[in-house]
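# Notes for the structure review
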Amino acid sequence: NAGVMQNPRHLVRRRGQEARLRCSPMKGHSHVYWYRQLPEEGLKFMVYLQKENIIDESGMPKERFSAEFPKEGPSILRIQQVVRGDSAAYFCASSPPFGTGDGYTFGSGTRLTVV
Amino acid sequence: GNSVTQMEGPVTLSEEAFLTINCTYTATGYPSLFWYVQYPGEGLQLLLKATKADDKGSNKGFEATYRKETTSFHLEKGSVQVSDSAVYFCALDAGGTSYGKLTFGQGTILTVHP
């Protein structure tokens, strides 16, 4: 039973390029959450998605960031026109419906470096 | 809003020493409280949890008690090992309108020397 799979593990982008981060939830999990970890900080909530539906995007920056969780395939976090300040570790978690914190399973993260 | 404050780190201990990492929180209602551990290069793993006042969560020799009167959830271990070296995060799940959203502390780096 594979856990939450994130890819790529490491991603390097030049300023102005686009970054696409992928997250495949655990089997049987229909809810996906994205968190961002800036250097030497805790994780900050970004967005909560169900299949084809954004439930809560209160932590997403207003511009350049978007997320989706299509009916088929992984959840995608997309960052357009990346800037140095986007360099961080991005973690995805999944849960079954109505999961609480102990129902979350985290992936190993994607470490984005903007040069 | 909800918030979690952890003691400043990093924490450096010798093997078999006693560990305490302080965590206090601010939340409306009755949140669930968690400790997560992050080993180098890996994602977060749930270490222990408590869902109501006076609950004690425990796992792998670690313990934390949900103290509503002091809004605290301090992590303790009686005898640390080198393999416990990691980053420890305190977190809360406030539920209700915050459903699905964990609030994390800033993390405490623990290094245990032989």
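Note: the structure precedes this text.
In this report, the structure presented in the accompanying data block is examined.

Criteria and cut-off values
- Residues numbered from 1 in each chain as written.
- Chains lettered and ligands numbered in written order.
- Predicted model: local features only at pLDDT ≥ 70, side-chain atom pairs only at ≥ 80, totals over all residues.
- Heavy atoms only, no water.
- Contact = heavy atoms within 4.5 Å.
- Buried area = accessible area lost by both parts, 1.4 Å probe.
- Salt bridge = Lys/Arg side-chain N within 4 Å of Asp/Glu carboxyl O.
- Polar contact = N/O pair within 3.5 Å; in protein donor to acceptor, adjacent residues only side chain to side chain.
- Helix = DSSP H or I, 4+ residues; strand = E, 2+ residues; numbered from the N terminus.
- Buried < 20%, exposed > 50% of the residue type's maximum accessible area, 1.4 Å probe, protein only.
- Core = buried A, V, L, I, M, F, W, Y, C linked by side-chain atoms within 4.5 Å.
- Pairing = 2+ DSSP bridges.
- Axes fitted to C-alpha atoms, helices over the stretch in contact; angles between N-to-C directions.
- Disulfide = S-S within 2.5 Å.

### Description of the interface of chain B and chain A
Taken together, the contact pairs 18 residues of chain B with 24 residues of chain A. Here chain B packs against chain A, burying approximately 1600 Å² in sum over the two surfaces, 53% of which is carbon and sulfur. The interface formed by chain B and chain A contains one salt bridge. Residue B:Lys101 is joined to A:Asp56 by a salt bridge in which the shortest nitrogen-to-oxygen separation is 3.3 Å. Joining chain B to chain A, the criterion identifies four residue pairs in polar contact (both at pLDDT 80 or more).

### Overview of the environment of A:Tyr104
Residue and element names in this part refer to chain A. With respect to the secondary-structure elements, Tyr104 resides in the loop between strand E9 (88-95) and strand E10 (105-106). For Tyr104, a relative accessible area of 4% translates into the label buried. With 75 residues separating them in the primary sequence, Tyr104 and His29 have C-alpha atoms 9.3 Å apart.

### Let's talk about the nonpolar core
Residues and elements named next belong to chain B. With 26 residues, the main nonpolar core has Leu19, Trp35, Leu47, Leu48, Phe73, Leu75 and Tyr88 as its most contacted residues. Counting only elements with at least two residues in this core, the list comes to strand E2 (11-14), strand E3 (19-21), strand E4 (23-26), strand E5 (32-38), strand E6 (44-50), strand E8 (62-65), strand E10 (86-93) and strand E12 (108-113). Of all the elements, E10 adds the most residues to this core, at four residues. Leaving out residues up to four positions away in the same chain, Leu75 has contacts with Leu19, Thr20, Ile21, Trp35, Leu47, Leu48, Phe62, Glu63, Ala64 and Tyr88.

### Digging into the sheet that holds E3(B)
Residue and element names in this part refer to chain B. If you walk across this open sheet you meet the four strands as E3-E9-E8-E7, and the pairing is antiparallel. If you trace the sheet from one side to the other, it starts and ends with E3 and strand E7 (56-59), each paired once. Strand-to-strand, the axes of this sheet are offset by a mean angle of 15°, without reference to chain direction.

### Considering the state of the cysteines
Across all of its chains, the model carries two disulfides over all chains by this definition. Linked covalently through their sulfurs, A:Cys23 and A:Cys92 form a disulfide whose S-S length is 1.8 Å. The sign of the -55° torsion about the S-S bond sets the A:Cys23-A:Cys92 disulfide as left-handed. With A:Cys23 in strand E3 (residues 19-24) and A:Cys92 in strand E9, this residue pair connects regions lying 69 residues apart in the sequence. You can call A:Cys23 buried: its relative accessible area is 0%. Under the relative-accessibility criterion, A:Cys92 is labelled buried at 0%. A sulfur-sulfur distance of 2.0 Å marks the disulfide that ties B:Cys23 to B:Cys90. With the S-S bond torsion at -70°, the cross-link from B:Cys23 to B:Cys90 turns out left-handed. One end of the pair, B:Cys23, is in strand E4; the other, B:Cys90, is in strand E10, and 67 residues separate them in sequence. Judged by relative accessible area, B:Cys23 falls into the buried class, the value being 0%. Note on B:Cys90: relative accessible area 0%, which makes it buried.

As far as function goes, none of this settles anything; it's purely spatial.
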